[in-house]
Amino acid sequence: GDSVTQMEGPVTLSEEAFLTINCTYTATGYPSLFWYVQYPGEGLQLLLKATKADDKGSNKGFEATYRKETTSFHLEKGSVQVSDSAVYFCALMGLIGKLTFGQGTILTVHP
Amino acid sequence: GAVVSQHPSWVICKSGTSVKIECRSLDFQATTMFWYRQFPKQSLMLMATSNEGSKATYEQGVEKDKFLINHASLTLSTLTVTSAHPEDSSFYICRDGGTDTQYFGPGTRLTVL
């Protein structure tokens, strides 16, 4: 079945540091890939997505590229802010709109 | 603004009681809704797929008699946790069934004493 594996957290960074959160997947066919963010006390929000190989999703300074050859969709941001502190989930959408989530990575950014 | 709402946002109940959680699509019609649960510091696990006018489809390991799902209209899906026990305490989240966009409800925090 479909599965998503994220790098273990938590991740703690200083403000303006570079962020990478690794994500790899296993799926049948060609899934769409997503990153979601969950701020403390809030629901999930779509951060970015990519629907086919080599697509790059981007939003709010975050980027991720759909790499079919390595089955990866790593999340990156060049300079994190304190307000980026949240839990980040990688996910894929397979058949009939079902989303499969990674385990989530807690990011804490210190001033 | 929010396009999917959930009610209540949190509920505390005694063991053995039943709790109903509502999920409403506000600006669109949803023929399909997905229900997830999220344990503290863990990922979202799909419980079931709610289909308007037909029976829900449950994921393996989810008790359909314990987690009753009703999707009676195109804007409302409900999840009822029957005879709740402390191990049912979790964060329950619904999502619309769209493939191009995914709108999550804000979630319902259930605590069973």
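Conventions adopted
- Residues numbered from 1 in each chain as written.
- Chains lettered and ligands numbered in written order.
- Predicted model: local features only at pLDDT ≥ 70, side-chain atom pairs only at ≥ 80, totals over all residues.
- Heavy atoms only, no water.
- Contact = heavy atoms within 4.5 Å.
- Buried area = accessible area lost by both parts, 1.4 Å probe.
- Salt bridge = Lys/Arg side-chain N within 4 Å of Asp/Glu carboxyl O.
- Polar contact = N/O pair within 3.5 Å; in protein donor to acceptor, adjacent residues only side chain to side chain.
- Nonpolar A, V, L, I, M, F, W, Y, C, P; charged D, E, K, R; others polar.
- Patch = residues over 30% accessible without salt bridge, like charges linked within 9 Å, V, L, I, M, F, W, Y side chains within 5 Å.
- Areas by Shrake-Rupley, 256 points an atom, 1.4 Å probe, with all protein chains shown as cover.
- Helix = DSSP H or I, 4+ residues; strand = E, 2+ residues; numbered from the N terminus.

**Looking at the interface of chain B and chain A**
Here is step 1: The interface is formed by 19 residues belonging to chain B together with 16 residues belonging to chain A.
Here is step 2: Summed over both partners, the interface of chain B with chain A comes to about 1,300 Å²; 57% of that surface belongs to carbon and sulfur atoms.
Here is step 3: Contact with chain A buries surface across chain B, with B:Ser43, B:Gln102 and B:Phe104 losing the most and accounting together for 35% of the total.
Here is step 4: The tally of links from chain B across to chain A stands at 1 salt bridge.
Here is step 5: Note that B:Glu59 and A:Lys98 form a salt bridge whose closest N and O atoms lie 2.8 Å from each other.
Here is step 6: Put simply, chain B and chain A have 3 residue pairs in polar contact (both at pLDDT 80 or more) between them.
Here is step 7: Of the residues contributing to the side of chain B that touches chain A, the split by class is 8 nonpolar, 8 polar and 3 charged.

**Re a nonpolar patch on the surface**
Here is step 1: A contiguous nonpolar surface patch, about 380 Å² in accessible area, is contributed by B:Trp10, B:Ile12 and B:Leu113.
Here is step 2: Counting through the fold element by element, B:Leu113 comes out in the segment after strand 10 (108-112).

Scope: geometric values only; no functional claims are made or implied.
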